[in-house]
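Below are the chains, spelled out letter by letter.
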Amino acid sequence: MKQKIKSIRPFIGAKNFELSRAFYRDLGFEEVMLESKLSVFKNQEIAFYLQDYYAKEWIENTMIFVEVESADKYWEELTALNLKEKYKETNFTPVRTMDWGKECFVHDPSGILWHFGEFFNK
C-alpha cells in the first residue's frame, strides 16, 4: 500500500457507558459525542471510540498499549489524579522495568487493560 496511514482508532466497549465516559475525561481525554451510544476520545495524536456495548469476554480480553515519553513521569501524573478514589472499579499497577522498556497499567471501570509504556531502544 502506498497510502500513508494517519491513525489507528480502536473501538472499545463499556460496562457502564456514563461512568467510562467520565473516567476517560478525568484521565485527560477530550470527548466528542458522535451518537447517543458512541463517543470518540482524543489526547494529542491518539484517539479511540467508546461504545455503549458490553460483552464480558471481549472487554476482559481487551488490551491497549500507549507509548509515552516517560513511564515514570506518566505514573506520577496518573497517581496525582486520584482516580482510584473516584472510580472504585479501577486498578492501577505501578511502573515495572523489563528488558525492552518500562510500563504501568490501568484497568478502566469496565476491565479494559491499558499499558502506558516507553521503549528503551526503538
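Refer to the structure printed above.
Rules behind the numbers
Along each chain, residue indices are assigned from 1 in the same order as the chain's sequence is written. Predicted model: local features are reported for residues with pLDDT of at least 70 only, side-chain atom pairs are reported and counted for 80 or more only, and whole-chain, interface and lining totals are derived from all residues. Only hydrogens and water are set aside when side-chain values are computed; all heavy atoms of the structure are taken into account. Secondary structure elements follow DSSP: runs of H or I no shorter than four residues count as helices, runs of E no shorter than two count as strands, and numbering proceeds from the N terminus. Residue exposure (1.4 Å probe, protein chains only): buried if accessible area is under 20% of the type maximum, exposed if over 50%, otherwise partly exposed. Contacts were defined at the residue level, with two residues in contact if any of their heavy atoms lie within 4.5 Å. A pair is scored as a salt bridge if a Lys or Arg side-chain nitrogen falls within 4 Å of a carboxyl oxygen belonging to Asp or Glu. By this definition, two strands are paired if DSSP reports at least two bridges between them. Axis lines are fitted through C-alpha atoms, for helices just across the contact stretch, and the angle between N-to-C directions can take any value from 0 to 180 degrees.

Peer 1: Go over the overall build of the protein chain, please, and point to the residues and values.
Peer 2: Counting its secondary structure elements, the protein chain contains 4 helices and 8 strands. With respect to the principal axes defined by its C-alpha atoms, the protein chain has extents near 45 × 40 × 25 Å. Looking at the 122 residues of the protein chain, the share that counts as buried comes to 39%. Counting only contacts in the protein chain whose residues sit at least 6 apart along the sequence, the fraction spanning at least 24 positions is 50%.

Peer 1: I'd like a description of the pattern of salt bridges, backed by residues and values.
Peer 2: This structure, assessed with the given rule, holds 7 salt bridges. One salt bridge connects Arg25 with Glu31, and the closest N-O pair in it is separated by 2.6 Å. For the salt bridge of Asp72 with Lys102, the shortest nitrogen-to-oxygen distance reads 2.6 Å. Of this pair, Asp72 sits in helix α3 (residues 71-80) while Lys102 sits in strand β7 (residues 101-107); the two residues are 30 residues apart in sequence, bridging distant segments of the chain. Overall, the relative accessible area of 32% leaves Asp72 in the partly exposed class. Looking at Lys102, the relative accessible area reads 19%, which means it is buried. A single network of salt bridges, built from pairs that share partners, joins Glu18, Arg21, Arg25 and Glu31.

Peer 1: I'd like a rundown of the sheet that holds strand β3 (residues 38-43), residues and numbers included.
Peer 2: The 4 strands lie next to each other as β1-β4-β3-β2, forming an open sheet whose pairing is mixed. Edge positions in the sheet fall to β1 (11-13) and β2 (30-35), since each has one partner strand and no second. Neighbour-to-neighbour, the strand axes of the sheet open up by a mean angle of 30°, direction not taken into account.

Peer 1: Give me the sheet that holds strand β6 (residues 91-97): which residues, what numbers.
Peer 2: Sheet architecture is open: 4 strands sit in the order β5-β8-β7-β6, paired in mixed fashion. In this open sheet, the two edge strands, each paired with only one partner strand, are β5 (63-67) and β6. Neighbouring strand axes in the sheet, compared pairwise and without regard to direction, differ in orientation by 15° on average. Note: β6 against β7, 5 bridges, orientation antiparallel. Residue pairing across strands places Phe92 opposite Val106, the latter belonging to β7.

Peer 1: Describe the pairing of strand β4 (residues 46-51), with residues and values.
Peer 2: Taken together, the 3 bridges between β1 and β4 define a ladder with parallel strand orientation. Residue pairing across strands places Phe11 opposite Tyr49, the latter belonging to β4. As paired strands, β3 and β4 are joined by 6 bridges and run antiparallel to one another. Along β4, the bridge assignment pairs Lys42 with Ala47. Where β3 folds back onto β4 in an antiparallel hairpin, the turn is made up of 2 residues, including Gln44, whose phi is positive at roughly 55°.

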